[in-house]
Amino acid sequence: VQLQASGGGLVQPGGSLRLSCAASGSTFSINTMGWYRQAPGKQRELVAAITGGGSTNYADSVKGRFTISRDNVKNTVYLQMNSLKPEDTAVYHCKAYSPYYEMEYWGKGTLVTVSS
């Protein structure tokens, strides 16, 4: 499984961005997909995750502002980020989990910078 993330960039506080992560390869094996982020000097943390059935999980810090969704036909997961704050600045990484292969797959990160 290969993951290609896109959509990062520079945005002002209060603005919005949408991240996309497209999966290719053995996509039939993927169940949960999610977004993690890592800010400078901090550990990587879960932002949001979504199962194949559509159940979602969010970090408390993004609840009500971020929405994760997926298109199982396009094998793509999205992260709609609204009301962005400077503390959301980080490199965002996409992850997929395959219970079939019992493996995690990571995409290259995309940088999100929230600054005026």
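For the structure itself, consult the block above.
A few points on the structure.

1. Concerning the side chain of Arg65
Moving on, step 1. Tracing the chain through its elements places Arg65 in the loop between strand S6 (56-58) and strand S7 (66-71).
Moving on, step 2. Among the polar contacts listed, one links the side chain of Arg65 to the side chain of Asp88, at a separation of 2.7 Å.
Moving on, step 3. Leaving out residues up to four positions away in the same chain, Arg65 has contacts with Gln80, Met81, Asn82, Ser83, Leu84, Lys85 and Asp88.

2. Digging into the sheet that holds strand S8 (residues 76-81)
Moving on, step 1. The four strands lie next to each other as S1-S3-S8-S7, forming an open sheet whose pairing is antiparallel. Each having just a single partner strand, strand S1 (2-6) and S7 make up the two edges of the open sheet. Here the strands of the sheet are splayed against their neighbours by 15 degrees on average, with no regard to which way each runs.
Moving on, step 2. As defined by bridge partners, strand S3 (residues 17-24) adjoins S8 across six bridges and the pair is classed as antiparallel. Pairing of Ala22 across the sheet is with Thr76, part of S8.

3. Topic: the packing of aromatic side chains
Moving on, step 1. The tally for this structure, following the rule as stated, stands at four aromatic pairs.
Moving on, step 2. Pairing Phe28 with Tyr100 gives two aromatic rings, centres 5.5 Å apart and planes at 70 degrees, and the pair type is edge-to-face. Of the two residues, Phe28 sits in the loop between S3 and strand S4 (33-38) while Tyr100 sits in the loop between strand S9 (90-98) and strand S10 (103-106), which places them 72 residues apart along the sequence.
Moving on, step 3. The exposure class of Phe28 is exposed, given its relative accessible area of 59%.
Moving on, step 4. Given a relative accessible area of 59%, Tyr100 falls into the exposed group.
Moving on, step 5. Look at Tyr36 and Trp106: their rings are 5.1 Å apart centre to centre, the planes differ by 65 degrees, and that puts the pair in the edge-to-face class. Within this pair, whereas Tyr36 is found in strand S4, its partner Trp106 is found in strand S10, the two being separated by 70 residues in sequence.

4. Details of the pairing of strand S5 (residues 45-50)
As a general feature of sheets, a regular strand has side chains that alternate between the two faces.
Moving on, step 1. Of the pairings in the sheet, the one linking S4 to S5 comprises five bridges and is antiparallel in character. Across the sheet, Tyr36 pairs through a bridge with Leu46, a residue of S5.
Moving on, step 2. Count of turn residues in the S4/S5 antiparallel hairpin: six residues, of which Gly41 carries a positive phi of about 75 degrees.
Moving on, step 3. Where S5 lies against S6, three bridges are found, and the strand directions are antiparallel. By the bridge assignment for S6, Ile50 is matched with Thr56.
Moving on, step 4. Connecting S5 to the antiparallel partner S6 that follows it, the hairpin turn spans five residues, and Gly54 within it adopts a positive phi of roughly 100 degrees.

So, how was this worked out
- Residue positions within a chain follow its written sequence, with the count starting from 1.
- Thresholds applied to this predicted model are a pLDDT of at least 70 for local features of residues and 80 or more for the giving and counting of side-chain atom pairs; totals over whole chains, interfaces and linings are not thresholded and use all residues.
- For the side-chain quantities, the full set of heavy atoms in the structure was used; hydrogens and water were omitted.
- Secondary structure elements follow DSSP: runs of H or I no shorter than four residues count as helices, runs of E no shorter than two count as strands, and numbering proceeds from the N terminus.
- The term polar contact refers here to a pair of N or O atoms within 3.5 Å; inside protein, the definition further demands a hydrogen-donor-capable atom paired with an acceptor-capable atom, and it admits residues adjacent in sequence only when both atoms are side-chain atoms.
- Contact between two residues is taken to exist if any of their heavy atoms lie within 4.5 Å; hydrogens are not considered.
- Pairs of strands are assigned from DSSP output, requiring at least two bridges between the strands.
- Orientation is described by axes fitted as lines to C-alpha atoms, over the contacting stretch for helices, and by angles from 0 to 180 degrees between their N-to-C directions.
- Two aromatic rings from Phe, Tyr or Trp, using only the six-membered ring of Trp, form a pair when their centres are within 6.5 Å; if the ring planes differ by under 30 degrees the pair is stacked, by over 60 it is edge-to-face, and anything between is tilted.
- Residue exposure (1.4 Å probe, protein chains only): buried if accessible area is under 20% of the type maximum, exposed if over 50%, otherwise partly exposed.

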